[in-house]
Amino acid sequence: MLTQDATARQHSIGDVFFILYKIALQLTFTFLPDSYQWILVLLLISGAMVLWYIYNIQEPYYQKTPTVFFKLITTLYLWTCGLLTLSKALESTNFNGGLIAWLIGFPFIWILITTSNKSRIGSLVQKNQRFRTSQELMDHLRFVIQLVDKQKTDRNAYILLTGYVERHKDTCEEEDCPLKVRRKRKNETSFGYDETSLGLILVVDRMYRAGL
């Protein structure tokens, strides 16, 4: 999670699905008779929805730039496939506004994706740090690490992190909690993190290893 590698991610489900999706589309487009075009259209929109879910809900990438990039690409692709499905359904009518609708929606999608920021503040105060799914846990751990990285340049991140640390000290039942145990070290470690930040990283590591 602390890596600066833009390609670092939690899993490669999106890549694997995209490869299988391309193969399915190529086979369908090549061998499917023209009278069965609806099958191709439904395959397009179904795959677009799955890709959108993987990259917009699961957010596999750790870094913000690839996350925003894949969110934008998959959302635009879903928007395109959705309008294609609508145009196919209305092909027997005089509807010819698919391209216009796509062009109108493009800037709104761009602005929405590039300016939106999913809030995970609620997970910082979640009772007893109980998470219903592994995805919730991973989102929480990634959010904490992001706060650690941004605390020196972002005052809001520093305030959120300070509150999280104090709450964790009050609620954690482990006697050897890294945030409770004081270590004899310099203010800054060789990794560039202060004692509290390093303790948080150790807490995150424990939570990750413990799973749910």
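One can find the structure itself at the top, above this paragraph.
Here the structure is a predicted model, which means the values were calculated and not measured.

Our next topic: the packing of aromatic side chains. For the structure shown, the criterion picks out seven aromatic pairs. An angle of 10 degrees between the planes, with centres 5.8 Å apart, marks the rings of Phe 17 and Tyr 21 as stacked. One end of the pair is Phe 17 and the other is Tyr 21, both in helix H1 (residues 13-31) and four residues apart, which spans about a single turn. A residue is classified by how much of its surface remains accessible, and Phe 17, at 24% relative accessible area, is partly exposed. The exposure class assigned to Tyr 21 is buried, which follows from its relative accessible area of 5%. With centroids separated by 5.0 Å and ring planes inclined at 5 degrees, the aromatic side chains of Tyr 61 and Phe 70 adopt a geometry described as stacked. The class for Tyr 61 is buried, based on a relative accessible area of 7%. Through successive ring pairs, a cluster of aromatic residues spans Tyr 55, Tyr 61, Phe 69 and Phe 70.

On to the nonpolar core. One recurring pattern in soluble globular proteins: nonpolar side chains tend to sit buried together. Ranked by size, the top nonpolar core spans 11 residues in total: Tyr 21, Leu 25, Leu 40, Leu 44, Ile 45, Ala 48, Leu 51, Ile 54, Tyr 55, Tyr 61 and Cys 81. Breaking this core down by element, the ones donating at least two residues are H1 and helix H2 (37-58). Counting residues per element, this core draws most heavily on H2, at seven residues. Ignoring any residue separated from it by four or fewer positions in sequence, one finds Ala 48 in contact with Tyr 21, Tyr 77, Leu 78 and Cys 81.

Look at H1 against H2: their axes get within 11 Å of each other, and the N-to-C directions meet at 175 degrees. Classified by the angle between their axes, H1 and H2 sit roughly antiparallel to one another. Where H1 approaches H2, its residues Ile 13, Gly 14, Asp 15, Phe 17, Phe 18, Tyr 21, Ala 24, Leu 25, Thr 28 and Phe 29 are matched on the opposing element by Leu 40, Leu 43, Leu 44, Gly 47, Ala 48, Val 50, Leu 51, Ile 54 and Tyr 55. Classifying every residue of the contact of H1 with H2 gives 15 nonpolar, three polar and one charged.

Analysis parameters
- Chains are numbered independently. Their residues run from 1 in the order of the written sequence.
- The model is predicted, so local features are restricted to residues of pLDDT at least 70 and side-chain atom pairs to those at 80 or more, both for listing and for counting; the totals for chains, interfaces and linings are taken over all residues.
- Values shown for side chains rest on all heavy atoms present in the structure; no hydrogens or waters enter the calculation.
- The rule is short: rings of Phe, Tyr and Trp, with Trp giving its six-membered ring, pair when the centres are within 6.5 Å, and they are stacked under 30 degrees, edge-to-face over 60, tilted in between.
- Under the scheme used here, helices are H or I runs from DSSP no shorter than 4 residues and strands are E runs no shorter than 2 residues, and both carry numbers assigned from the N terminus.
- Categorising residues by exposure relies on relative accessible area from a 1.4 Å probe, with only protein chains included: less than 20% of the type maximum marks a residue as buried, more than 50% marks it as exposed, and the intermediate range marks it as partly exposed.
- The set of buried Ala, Val, Leu, Ile, Met, Phe, Trp, Tyr and Cys residues whose side-chain atoms join them within 4.5 Å is what this entry labels a nonpolar core.
- By the convention used here, residues are in contact when the closest approach between their heavy atoms is within 4.5 Å.
- Geometry is summarised by axes, namely lines fitted to C-alpha atoms with helices restricted to the contacting stretch, and by angles between N-to-C directions that run from 0 to 180 degrees.
- Oblique is the label for any angle not covered by the other classes, which are roughly parallel (under 35 degrees), roughly antiparallel (over 145) and roughly perpendicular (65 to 115).
- Side-chain classes follow a simple rule in which Ala, Val, Leu, Ile, Met, Phe, Trp, Tyr, Cys and Pro form the nonpolar group, Asp, Glu, Lys and Arg form the charged group, and the remainder, Gly included, forms the polar group.

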